[in-house]
Amino acid sequence: MEKNQSPARVACVQMDVVQGQVEQNLATARRMVEEACAQGATLMVLPELFNTGCVFDNRAQVFAVAEPVPGGQSTALLLELAKAHGVYIVASLVEQDGPDLFNTAVLAGPEGLVGKFRKLHPCEDEVYWIEPGNLGLPVFHTPIGRIGLLICLDAYYPETFRILAMQGADVICVPFNAGDVKESRHLPDPYYTMASTLCMANALSNHVLVVGTDRVGRTGSVKFAGQSVIADQWGAPIAGPAGNEREEILYADVDLCDSRRKYFHPTNSRLANRRTDVYSADLGYCPEKYRKQ
């Protein structure tokens, strides 16, 4: 019998985000993270732009809520909670770095700021205010395992998951702001967004655990889909998809080291059987181009 080498309880913190109301959103995040910690969660993923929402009319509005990372109050809250409870927390926010803005996922841990990832693929109106990410696709080594980060539209590009998997990620955490598109795209029940499907498909393709957290609620005419999901290395939803209307927390007890058991079949391994005579092994990714964190 295989041992449970790296037990963890991962959680999707599916919260309602009120546009522009930073203090209110931070209070919601604190409440839900503390609830998840009380239930034994050790790795939590919050939605994209958990502290501000994502619907902006102009750049001035975005600059008004942007924060340095570290140094801003939102990162400070994540660091406080991670240290107090001995856990790891992933959340995305608007980062200001001099004159530039980035949509940045923060990984906070008991030891402090583990690292950050800047969204590579701006989505829709984001192209008017954020810069494409310039930190590459880092995998962060932590005591509970190797953690990779993506943000929303990055999940639509299979190269991102593959590059993280090739660098040894045990789990890939994806904050989303996915909208409810059921009426316009006629997705089958019970799905209101492609976000959960992308998580499951890429988990299977790369034999890696994927945790995708979407938000719920509405900003103006934009309704968010929820349906957060935790997909195991076989692509199966071991928690979720969550509902599409209310705040909730999904939990899954996992062994993060399951992602390292690539040779689960003598002739069928997702990564070992890649045809690198047809395409490059690393997809052209050059980690040395990006600064170390």
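Heads up: the structure comes first, above all this text.
Residues numbered from 1 in each chain as written. Predicted model: local features only at pLDDT ≥ 70, side-chain atom pairs only at ≥ 80, totals over all residues. Heavy atoms only, no water.

(A) Representation of the overall build of the chain. Helices and strands together make up the secondary structure of the chain, namely six helices and 14 strands. For the chain, whose C-alpha radius of gyration is 18 Å, the value lies close to the compact-globule estimate of 19 Å for 293 residues. When the backbone C-alpha atoms are referred to their principal axes, the chain occupies close to 55 × 45 × 40 Å. Taking all 293 residues of the chain together, 56% fall into the buried category. Relative to all contacts within the chain whose residues are 6 or more apart in sequence, the contacts with residues 24 or more apart total 66%. Split by element, the accessible area of the chain, about 12,600 Å² in all, is 51% carbon and sulfur. (Helix = DSSP H or I, 4+ residues; strand = E, 2+ residues; numbered from the N terminus. Rg over C-alpha atoms; globule rule 2.2 N^0.38 Å. Buried < 20%, exposed > 50% of the residue type's maximum accessible area, 1.4 Å probe, protein only. Contact = heavy atoms within 4.5 Å. Areas by Shrake-Rupley, 256 points an atom, 1.4 Å probe, with all protein chains shown as cover.)

(B) Focus on the sheet that holds strand 5 (residues 112-118). The mixed open sheet is built from six strands, whose spatial order is 5-4-3-2-1-14. Lying at the two open borders of the sheet, with one neighbouring strand each, are strand 5 and strand 14 (248-255). If you compare each strand with its neighbour and ignore which way they point, the axes differ by 30° on average. Strand contacts of helix 1 (residues 22-38): strand 1 (7-14), strand 2 (43-45), strand 3 (88-97) and strand 14, with the helix running at about 40° to strand 14, the strand carrying the most contacts. (Pairing = 2+ DSSP bridges. Axes fitted to C-alpha atoms, helices over the stretch in contact; angles between N-to-C directions.)

(C) Highlighting the nonpolar core. Counting 52 residues, the largest nonpolar core has Leu43, Leu149, Ile172 and Ile230 as its most contacted members. Filtering out sequence-adjacent residues up to four positions away, Leu149 remains in contact with Val90, Ala105, Leu107, Phe117, Pro138, Phe140, Leu164 and Cys173. (Core = buried A, V, L, I, M, F, W, Y, C linked by side-chain atoms within 4.5 Å.)

(D) Layout of the sheet that holds strand 12 (residues 229-231). With mixed pairing, six strands are arranged side by side in an open sheet as 6-7-8-9-12-13. Edge positions in the sheet fall to strand 6 (139-142) and strand 13 (237-239), since each of these pairs with one other strand and no more. Averaged over neighbouring strand pairs, the angle between their axes works out to 25° when direction is ignored. Pairing of strand 7 (residues 145-149) with strand 8 (residues 171-175), which is carried by three bridges, proceeds in the parallel orientation. By the bridge assignment, Leu149 is partnered in strand 8 with Cys173. Strands in contact with helix 6 (residues 195-206) are strand 9 (209-213), strand 12 and strand 13; relative to strand 12, the strand with the most contacts, it is inclined by about 10°.

(E) Quick peek at the packing of helix 4 (residues 158-166) against helix 6. Where helix 4 contacts helix 6, the axes come no closer than 10 Å and their chain directions differ by 40°. For the element pair helix 4 / helix 6, the angle class is oblique. Relative to helix 6, the crossing made by helix 4 is right-handed. Residues Pro158, Phe161, Arg162 and Ala165 of helix 4 form the contact with helix 6, whose own contacting residues are Asn202, Ser205 and Asn206. Looking at the contact of helix 4 with helix 6 residue by residue, the class counts come to three nonpolar, three polar and one charged. (Parallel < 35°, antiparallel > 145°, perpendicular 65-115°, else oblique. Left-handed = near helix turned anticlockwise from the far one by under 90°. Nonpolar A, V, L, I, M, F, W, Y, C, P; charged D, E, K, R; others polar.)

(F) Structural context of the packing of aromatic side chains. Counted by the stated rule, this structure contains two aromatic pairs. Consider the rings of Phe56 and Trp129, whose centres lie 5.4 Å apart with planes at 75°: the pair is edge-to-face. With Phe56 in the loop between strand 2 and helix 2 (59-65) and Trp129 in the loop between strand 5 and strand 6, this residue pair connects regions lying 73 residues apart in the sequence. Across the pair, exposure class does not vary: Phe56 and Trp129 are buried alike. Ring centres of Tyr285 and Tyr290 lie 5.9 Å apart, and the angle between their planes is 15°; this geometry places the pair in the stacked category. Its end group placed over the ring of Phe102, Arg118 keeps NZ or CZ at 3.9 Å from the ring centre. Above the plane of the ring of Phe224 lies Arg215, whose end atom (NZ or CZ) is 3.8 Å from the centre. (Phe/Tyr/Trp six-rings, centres within 6.5 Å; stacked < 30°, edge-to-face > 60°. Lys NZ or Arg CZ within 6 Å of the ring centre and 35° of its normal.)

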